Amino acid sequence: MSDEVRPGEGKRENSGFSFHSFPVSEFLHKILALVIYLDYKAVQQREKWTSKSKRAALWEKAHERNAKRVLSLIIKLEGLWVKLGQYLSTRADVLPEAYISLLKQLQDSLPPRPLKEVCRTIQKEFGKTMYDLFADFVEEPLATASIAQVHRAKLINGQEVVVKVQHEGVREIILEDLKNAKSIVEWIAWAEPQYDFNPMIDEWCKEAPKELDFNHEAENTRTVSRNLGCKMSPGESYSSNRVNVLIPEVIQSTKSVLILEYMDGIRLNDSASLEAFGVDKKNIVEEITRAYAHQIYVDGFFNGDPHPGNFLVSKEAPHRPILLDFGLTKKLSSSMKQALAKMFLASAEGDHVALLSAMSEMGLRLRLDMPEQVMEITNVFFRSSTPANEAQQNLKTLSEQREKNMKAIQEKMQLNPKEVKRFNPVDAFPGDIVIFARVLNLLRGLSSTMNVRIVYLDIMRPFAESVLQGNINRGPAANVQWIYNTPVHSDIEAKLRQLLVELGNNDKILGIQVCAYKDGEVIIDTAAGVLGKYDPRPVQPDTLFSVFSATKGIAAGMLHWLVDNGKLKLEENVANIWPEFRRNGKEHIKVHHILNHTSGLHNALANLREENPLLLTEWDECLKRMEASVPETEPGKQQLYHYLSFGWLCGGIIEHASGKKFQEILEEAFIHPLKIEGELYVGIPPGVESRLATLTLDMDDLKMLSEMQNRPELPSTFQLNNIGEFAEYLPAFFNMLNIRRAIIPAANGHCSARALARYYAALADGGVVPPPHSSVSNPALGSHPHIPNFPPKKINEKQKGKVDSRQSSYTKIEEEEEDDVEKCSRSSRGTSDCEGIADRERKGKIFSNPRVHEAFMGVGEYGSLCLGDGAFGLGFRRLKSKQGDGSYTGFGHSGMGGSTGFCDVRNRFAVAVTVNKMSFGGVTSKIVELVCSELNVPLPEGLSGSRDINRPLIN
């Protein structure tokens, strides 16, 4: 051990010149940046005159030259700039090898401070001589970094330790550097608004000074070690996500000195030793990644500085990572931890809605609505690492992705090239994300430095899931608020809630809504569960569920509404309304064939599953494909479920018959008259994402598909074996925001159960609008603004004359109605009595045809428009009671997954169920069975909770 150092010895002289004064620092940076810039521009010019075989060497020399310049300046500036250099030294995934190989010495190989300074600091902190503290003290440091250097030593009791000693004057240097960096960042934000790094530097200014207090680091070290189970106490059990790492024990600490247990290890940059000891580098990096996933998602307390200099690998087998240096740590609130986990899992699942929800929860606000770009950027954020030799290609890919996103922003915001360069899409950036982002980038750089490929989504996923599932899996038994706190409307609703609790405890429900009307009054309005598998927010009465084919009941109602308003006739040829539809033998297909699923176009668009499912979002393209489709059977001869084509067939007829957009008719016909604004959409608008339930799949039900038999009423491309092939992917596909926003009238309606039940309650009463929904619901039904603002529908010249002709006749009819004409032809047969529109609205009706029930079910005078005893009437599944005389009692439509809406006309009963855990109707059937039995309403066939497994609730 060296001689004792007297106080005052070895102190640095003040030369009067400081590299840390802002003008000098800024000047040096600008000069260096200019020199490097001009150097690379010169190389670009020389490359044009250099043979291809020598170009790589030309660039390599330029990188070496400029890397030396950067390193030299950083060493002169010290302090925070060393931290920046350490960060850059880890980014082997994006920086040339010359920069990595030179800058990595900043991790732990900076020029050491004099031993006298080290001894002076130790004596000052402990008030004891070196002889009193140590039996031995190695003069040459093990490592020297930006803030401190580390020496090996032996305590008086013989214990091997390392002593971390802070550099004299480093506190002032770091604080001055932070102030300078803040000034630079503010100047950049003023000059280039799209590069506003103020949130990042603000977070750094808040966290970096903590690194200068070694007492703080000592406590952080103990906390992380305890969280990761490195020092287990007797009787403690390991968690399921245990990580296998080592952390040195803290022996003693002061503000400027930290004494730790000595652990003999290999540095990560010592490739020869790692190979000699047989270390599996990929396993080491994976375990480090797992340790950080545990810290971030499970503990909410993590080390923010995972550069290679802060790790060792134990020499003894099994080789384990040794985690060092916990000066820079970050503590996350429970809500932020959950939001980060949700963001990660949303990226993994491709769930745009959950991603935007997570960003909102963490306080990250954007200035524009571009969910696809947000998902792409997030995927880049969590992308797998690439080996160092792929750095150039990786950088090129990232640059191309950025250019693509900037182009999309430019088009979206209609900015010119100069404006887009100054546009910053981020409105608010939470400081908590800064250190989190830094950690992910450092980990990615670490794996590139070690030349291994790491799939972060696979490694970190179990830890992120554990955070959210801890809340979500708390079903009714553990969560008293599992059923949303709304008043109980009836004894039946109280019994229903008991059933929901039972089903929830059996893991059959994730999130659900049930609403029922009897005799025009609400008797049930219950919401329960959570919004999604990774979204623990509660389902509320206004939550929007994807109801799949229950949407067909809405589309069919819109066609009937146009018939009721004289815009359309059920016996009319579709080609007369939609001229382009006439092709390929479809000239004899009538409107009622479409509604009755007997047009022969049951497999139209089926090939999109293999060709490109995203074409489902292209409304005009799908209409063109319907025009080009070829019927497989003669119209009216065979009823086969039009599972996908039904929506666009109806949609095309609706738009061509009305001259308006599909969603305009939806609003005019049902949304506004029923006062269900904001709670029923076919294609959601921006702004409702926070109310969306996320789909998931009941895997137990999916396994049962193999036991089910095919059904003759389903088309060949939609038999149960086909459904099993793609059902597993349906939740992920229909959770995509661009799918949710598309108009797919056969499959992607989004609504609350109370909106859907109100629709069927009105239909059950022949179009009479029920009294206002219960005012005790919060928020009240219809209180949301209905957001869409639709541009005028484009009509080609060929079609225009026909639409004008039809509209002229409709206008004449409406004028006659305003003159109180008592009779008008509203049915397909032109014989029904009806009231005028104004009179109807005054009486609160959405249909005026007194036989509209017969039209919906395809019975009575409409019976000739339907095929025999087929399951479908005119657009709706018609229902018989199990105990009745075989006649039809009601109608409705269910969707794949279990959401449903239907009504019993005779008993003036309507019910809707919406679910986000897709099953084959078992939950829905039990609910319907309970409610019907309590009301003494006949149970419809096909909706029995004890039905045969071979009859899943598909439609």
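In the block above lies the structure referred to throughout.
Let me begin by describing the structure that accompanies this report.

Reading the values: rules and limits
Residues numbered from 1 in each chain as written. Predicted model: local features only at pLDDT ≥ 70, side-chain atom pairs only at ≥ 80, totals over all residues. Heavy atoms only, no water. Helix = DSSP H or I, 4+ residues; strand = E, 2+ residues; numbered from the N terminus. Buried < 20%, exposed > 50% of the residue type's maximum accessible area, 1.4 Å probe, protein only. Contact = heavy atoms within 4.5 Å. Areas by Shrake-Rupley, 256 points an atom, 1.4 Å probe, with all protein chains shown as cover. Axes fitted to C-alpha atoms, helices over the stretch in contact; angles between N-to-C directions. Parallel < 35°, antiparallel > 145°, perpendicular 65-115°, else oblique. Left-handed = near helix turned anticlockwise from the far one by under 90°. Nonpolar A, V, L, I, M, F, W, Y, C, P; charged D, E, K, R; others polar. Expected span 1.5 Å × (residues − 1). Pairing = 2+ DSSP bridges. Core = buried A, V, L, I, M, F, W, Y, C linked by side-chain atoms within 4.5 Å. Salt bridge = Lys/Arg side-chain N within 4 Å of Asp/Glu carboxyl O. Phe/Tyr/Trp six-rings, centres within 6.5 Å; stacked < 30°, edge-to-face > 60°. Lys NZ or Arg CZ within 6 Å of the ring centre and 35° of its normal.

### Thoughts on the overall build of the chain
A count of helical and extended segments in the chain gives 35 helices and 25 strands. Within the chain, the fraction of its 955 residues that count as buried is 56%. Considering only contacts in the chain between residues 6 or more positions apart, those separated by 24 or more positions represent 71%. Element-wise, carbon and sulfur atoms account for 51% of the exposed surface of the chain, whose accessible area totals about 39,900 Å².

### Regarding the packing of helix α20 (residues 550-564) against helix α31 (residues 753-764)
The contact between α20 and α31 brings their axes to 12 Å, and the two run at 40°. It follows from the interaxial angle that α20 and α31 lie oblique. Crossing handedness for the pair α20 and α31: left-handed. Residues Gly-553, Ile-554 and Gly-557 of α20 pack against Leu-756, Tyr-759 and Tyr-760 of α31. The residue makeup of the contact of α20 with α31, split by class, is four nonpolar, two polar and no charged.

### A short note on helix α5 (residues 115-126)
Helix length check: α5 (twelve residues) gives 17 Å between terminal C-alpha atoms against 16 Å at 1.5 Å per residue, within 8%. Within α5, burial applies to Glu-117, Val-118, Cys-119, Arg-120, Thr-121, Ile-122, Gln-123 and Phe-126. Where the residues of α5 are buried, they touch α6 (130-133), β1 (134-137), β3 (148-155), β4 (160-166), β5 (250-253) and β6 (257-261). Looking one or two residues beyond α5, the residue adopting positive phi is Gly-127, at roughly 70°.

### Focus on the sheet that holds strand β18 (residues 680-682)
The strand order across the open sheet formed by three strands is β17-β20-β18, and the pairing between neighbours is antiparallel. For this open sheet the edge positions go to β17 (545-546) and β18, each flanked by a neighbour on one side alone. Bridge count for β18 against strand β20 (residues 749-751) is three bridges, and the pairing is antiparallel. Note that in β20 the partner of Val-682 across the bridge is Gly-749.

### What to know about the sheet that holds strand β10 (residues 321-323)
What the three strands build is an open sheet, ordered β7-β9-β10; its pairing is antiparallel. At either end of the open sheet lies a strand with only one pairing partner, and these are β7 (265-267) and β10. Strand-to-strand twist of the sheet, defined as the mean angle between neighbouring strand axes without regard to direction, takes the value 40°. Here three bridges tie strand β9 (residues 311-314) to β10, and the two strands are oriented antiparallel to one another. Counterpart to Val-313 in the pairing with β10 is Pro-321. The strands touched by helix α11 (residues 281-299) are β9 and β10; relative to β10, the strand with the most contacts, the crossing angle is about 40°.

### Let's talk about the pairing of strand β24 (residues 909-915)
Counting buried positions over the seven residues of β24 gives seven, a clear majority of the element. Both faces of β24 are covered, namely the face carrying Phe-909, Val-911, Val-913 and Val-915 and the face carrying Ala-910, Ala-912 and Thr-914. Pairing of strand β23 (residues 900-904) with β24, which is carried by five bridges, proceeds in the antiparallel orientation. For Phe-902, the partnering residue across the bridge sits in β24 and is Val-911. A loop of four residues connects β23 with β24, the two strands running antiparallel in sequence, and Arg-908 in this loop sits at a positive phi of about 50°.

### Side note on the nonpolar core
Counting residues in each nonpolar core, the largest one holds 103 residues, and the members touching the most others are Trp-648 and Phe-670. Examining the composition of this core, we find that ten residues originate from one element, α31, more than from any other. Ignoring sequence-local partners within four residues, the contact set of Phe-670 consists of Ile-554, Gly-557, Met-558, Trp-561, Ile-665, Lys-675, Ile-676, Tyr-759, Ile-846 and Phe-847. Counting 59 residues, the second largest nonpolar core, distinct from the first, contains Leu-274, Ala-291, Met-359 and Ala-464.

### Focus: the pattern of salt bridges
In a structure, side chains of opposite charge can pair up when their charged atoms sit close to one another. A full pass over the atoms with the stated rule returns 30 salt bridges. Of the charged contacts in the structure, one is a salt bridge between Asp-507 and Lys-917, with a shortest N-O distance of 3.3 Å. Pair noted here: Asp-507 is in the loop between α19 (491-505) and β14 (511-518) and Lys-917 is in strand β25 (residues 917-918), with a separation of 410 residues, a long-range link. Each of Lys-342, Glu-361, Asp-535 and Arg-537 takes part in salt bridges that share partners, so that together they form one network.

### Thoughts on the packing of aromatic side chains
Per the stated rule, a full pass over the model turns up 21 aromatic pairs. On the numbers, 5.0 Å between centres and 70° between planes, the contact of Phe-670 with Tyr-759 is edge-to-face. Here Phe-670 is found in helix α26 (residues 662-674), whereas its partner Tyr-759 is found in helix α31, with 89 residues between them in sequence. Summarising the burial analysis for this pair, Phe-670 and Tyr-759 share the class buried. Through successive ring pairs, a cluster of aromatic residues spans Phe-670, Tyr-759, Tyr-760, Phe-847, Phe-856, Phe-876 and Phe-891. Here Arg-152 stacks its cationic end above the ring of Tyr-262, 3.9 Å away from the centre of that ring. Just above the ring of Phe-581 sits the side chain of Lys-586; from NZ or CZ to the centre is 5.1 Å.

### Quick look at the environment of Ile-454
Along the polypeptide, Ile-454 turns up in the loop between α17 (432-449) and α18 (456-472). Taking the C-alpha atoms as reference, Ile-454 lies 8.0 Å from Arg-444; in sequence the two are ten residues apart. Look past the residues within four positions of Ile-454 in its chain and what remains in contact with it is Lys-282, Val-285, Glu-286, Thr-289, Ser-384, Ser-385, Ser-447 and Ile-459.

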